[in-house]
Amino acid sequence: MSAPRSGLDLSLLPDGGVRWLDASGPHSDVVISTRIRLARNVSGYAFTARAREGERLRMLAQVRDALVGVPSLSSSLLLRLEDLPVVDRQLLHERHLVSKELAGLDPQHPVRSGAAVFLGESVGLLVNEEDHLRLQALRSGFAVPQAFEGVNQLDRELGAQLPYAFHREFGFLTACPTNAGTGLRASVLIHLPGLVLTKEIGKVLAGLQQMGLTYRGLYGEGSEVVGNFFQLSNQTTLGRSEEELQDLLVRVVRHVIEREEEARRVLVRDAGYIIEDKLWRAYGTLRYARSVTFDEAMNYLSGVRLAVGLKLITGLSVYTLNKLLIFAQSAHLAHLEGKVLTESETNVARARYVRQVLVSEGGGVE
Amino acid sequence: MLCDNCKERDAVVHLTRIVDNAVTQLHLCEKCAAAKGVETTLSVPQHPLGDILQAVQQQASTTSEDAAACAFCGATARDFRASGRLGCPHCYDAMERSLRELLRRLHGSSRHVGQRYEAPVAHLVDKPDTLHDLRDRLRRAVESEQFEVAAELRDRIKALETEPV
């Protein structure tokens, strides 16, 4: 069925776990995806970090039994992270399906026994992460209400089967007080090359922090900013309703999109040929290079994505660019090649993969 | 990845800087970070949340909550200061006053105004503790030196174990 080395048969993932890449959502050239997650814990157990293995496994069993009454996750795929080799766990993380912590990719936090993920059609449930339960929905483009509807539905169904830990004053109780209350983290993955090139990004990011939002690099908590991709999300979770938190994010993101589009207009108007040259060089390198690091790829892809957005390059779709974002990562390349790769082999494989995709899917590039 | 500065040791401190609207990243090992005066969590034994909690406790004079251990899981305020995470949902009751203030500082409010929740009816009825639950609680009681509680639990366990099935 699957290659003997791999513990994970990707064909089993609901739409390969990449439906959100299809660029079908609104504003999908600037906003790549929207994710909403809810943190919940089950009464009667210690929080994950303090719970012993037996407790965690019992909790997982209780969750699995409870899912019988949860339509949102009926026929979901259960993956036990501890049973998967590190490359497969990395793959799931690269697809934004599991957090770094759950996948045990942080050297200080190896994968825990009982760490599991239930993957449904458009929602997922992480078990034994920082909190007992992390419910999540991932959508293409700028789609906050749609994503919330999905995860909220899952939350209602699951909360009717399991006793959540809920406090009359503090709301839903979480392992870290920064998540208490609604337990809601709404975020968008957004591409802001215009603001970076016009050197306004610092002001904009500082501004949104003042408005109660926070920002991170491409892959969430603790990562750096790569390729002009930013993850914007709400900072607080307590004292505002779920609707208010979503509205806040939507308003601020709308504003940021406007600023980005304005910055792009300025770039084209004031530095047209310089920008054009820079972006076409990015495309040229991706099209012909023989070895490309991850950071280089992200930066060049950012340039190409901007070029497509500005209609300087035609014949290349946002979907193809989204696909490259995910599939040009290390674990994906190792999976593609069918073996573990060294860093230099990965860079060569990356260059080859990108060249192939640009030729096959961007054949009409002008 | 290697330290950007000395290129010898592994980088463990990752800085993202936005200066003049240019975003740069710097990766440093512990030594170079210290040399450059970067405050790292490696040199400070407490979790950042722990600092806030300490300030809160001193201000609100709720230091009485400091030593108290949670009745369910045995975690103390000290544990929270070190890890930034609580032990179990009951810790919110054990450290209620300190946490109320901490939440206020973190979120600007300590009062939940979002969706309400009621646990499913089947779970509202007091279920008798299973042997597993009791054994877990006994282990935690012993670890946190709550020997009276431990003795009680031990007796309950014995009673359940010797029950004719």
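The coordinates are above.
Residues numbered from 1 in each chain as written. Chains lettered and ligands numbered in written order. Predicted model: local features only at pLDDT ≥ 70, side-chain atom pairs only at ≥ 80, totals over all residues. Heavy atoms only, no water.

Asker: How would you explain the overall build of chain B if you had to name every residue and give the values?
Answerer: Across its full length, chain B carries nine helices and two strands. Residue pairs in contact within chain B that sit at least 24 positions apart in sequence constitute 38% of those at least 6 positions apart. With the model as given, the accessible surface of chain B reaches about 10000 Å², and the carbon-plus-sulfur share is 52%. (Helix = DSSP H or I, 4+ residues; strand = E, 2+ residues; numbered from the N terminus. Contact = heavy atoms within 4.5 Å. Areas by Shrake-Rupley, 256 points an atom, 1.4 Å probe, with all protein chains shown as cover.)

Asker: Hey, could you go over helix H10 (residues 343–361) of chain A for me, with residue numbers and the actual values?
Answerer: Residues and elements named next belong to chain A. With 19 residues, H10 extends 26 Å from end C-alpha to end C-alpha; this agrees with the ideal 27 Å at 1.5 Å per step. Among all positions in H10, only Thr-346, Asn-347, Ala-349, Arg-350, Ala-351, Tyr-353, Val-354, Arg-355, Val-357 and Leu-358 are buried. Tucked into the core, H10 has its buried residues touching helix H6 (242–288), helix H7 (294–309), helix H8 (318–327) and helix H9 (330–337). (Expected span 1.5 Å × (residues − 1). Buried < 20%, exposed > 50% of the residue type's maximum accessible area, 1.4 Å probe, protein only.)

Asker: Give a description of the interface of chain A and chain B that names residues and reports values.
Answerer: Tallying the contact residues gives 59 residues for chain A and 47 residues for chain B. Carbon and sulfur atoms make up 55% of the area that chain A and chain B hide from each other, which totals about 4400 Å². Of all residues in chain A, Arg-50, Glu-169 and Pro-177 of chain A give up the largest surface area on contact with chain B, accounting jointly for 16% of the area buried on that side. For Arg-50 of chain A, the salt bridge goes to Asp-79 of chain B, with nearest N and O atoms at 3.9 Å. At the junction of chain A and chain B, the tally comes to 21 residue pairs in polar contact (both at pLDDT 80 or more). Those elements that provide at least two residues to the side of chain A that touches chain B are helix H1 (53–66), helix H3 (144–159), strand S6 (166–167), strand S7 (171–172), helix H5 (201–210) and H6 of chain A. In terms of residue class, the side of chain A that touches chain B is made up of 23 nonpolar, 18 polar and 18 charged. (Buried area = accessible area lost by both parts, 1.4 Å probe. Salt bridge = Lys/Arg side-chain N within 4 Å of Asp/Glu carboxyl O. Polar contact = N/O pair within 3.5 Å; in protein donor to acceptor, adjacent residues only side chain to side chain. Nonpolar A, V, L, I, M, F, W, Y, C, P; charged D, E, K, R; others polar.)

Asker: Run through the nonpolar core, naming residues and quoting values.
Answerer: Residue and element names in this part refer to chain A. In this structure, Leu-125, Leu-133 and Ile-190 are the most contacted members of the largest nonpolar core, which totals 57 residues. Broken down by element, this core gets its largest block of residues, nine residues, from H6. Counting residues in hydrophobic clusters, the runner-up holds 36 residues, among them Ile-32, Leu-218, Ala-307 and Tyr-353. (Core = buried A, V, L, I, M, F, W, Y, C linked by side-chain atoms within 4.5 Å.)

Asker: Summarise the packing of aromatic side chains; cite the residues concerned and give the values.
Answerer: One pass over the full model with this rule turns up seven aromatic pairs over all chains. Centroid distance Tyr-164 of chain A to Phe-172 of chain A: 6.0 Å. Interplanar angle 80 degrees. Geometry classified as edge-to-face. The class for Tyr-164 of chain A is buried, based on a relative accessible area of 3%. Among the residues examined, Phe-172 of chain A registers a relative accessible area of 2% and is labelled buried. Each ring, one from Phe-166 of chain A and one from Tyr-117 of chain B, has its centre 6.1 Å from the other, and the planes form 65 degrees; the classification is edge-to-face. With Phe-166 of chain A in strand S6 and Tyr-117 of chain B in the loop between helix H6 (96–107) and helix H7 (121–124), this pair bridges two chains. For Phe-166 of chain A, a relative accessible area of 21% corresponds to the partly exposed category. Given a relative accessible area of 16%, Tyr-117 of chain B falls into the buried group. Taken together, Tyr-164, Phe-166 and Phe-172 of chain A together with Tyr-117 of chain B form an aromatic cluster joined through their ring pairs. The side chain of Arg-40 of chain A reaches across the aromatic face of Tyr-164 of chain A, ending 5.6 Å from its centre. Over the ring of Phe-172 of chain A we find Arg-40 of chain A; its NZ or CZ atom is 3.5 Å from the centre of that ring. (Phe/Tyr/Trp six-rings, centres within 6.5 Å; stacked < 30°, edge-to-face > 60°. Lys NZ or Arg CZ within 6 Å of the ring centre and 35° of its normal.)

Asker: Could you give an account of the sheet that holds strand S2 (residues 77–80) of chain A, naming the residues involved and the relevant values?
Answerer: Residue and element names in this part refer to chain A. Here eight strands make up an open sheet; going across it, the order is S2-S3-S4-S5-S1-S8-S10-S9 and the pairing antiparallel. Looking at the sheet topology across the chains shown, the edges are occupied by S2 and strand S9 (213–216). With strand direction ignored, the average angle separating the axes of adjacent strands in the sheet is 20 degrees. Across the sheet, H6 is in contact with strand S1 (31–40), strand S8 (184–191), S9 and strand S10 (229–234); its angle to S8 comes to roughly 10 degrees. (Pairing = 2+ DSSP bridges. Axes fitted to C-alpha atoms, helices over the stretch in contact; angles between N-to-C directions.)

Asker: Quick one: what's the story with the pattern of salt bridges, residue by residue and with numbers?
Answerer: All names here are of chain B. Tallied over the entire structure, the rule returns 26 salt bridges over all chains. Among the ionic pairs, Glu-96 bridges to Arg-100, the shortest N-O distance being 2.6 Å. Of this pair, Glu-96 and Arg-100 are both found in helix H6, four residues apart, which corresponds to roughly one turn of the helix. Residue Glu-96 is classed as partly exposed on the basis of its relative accessible area, which comes to 21%.

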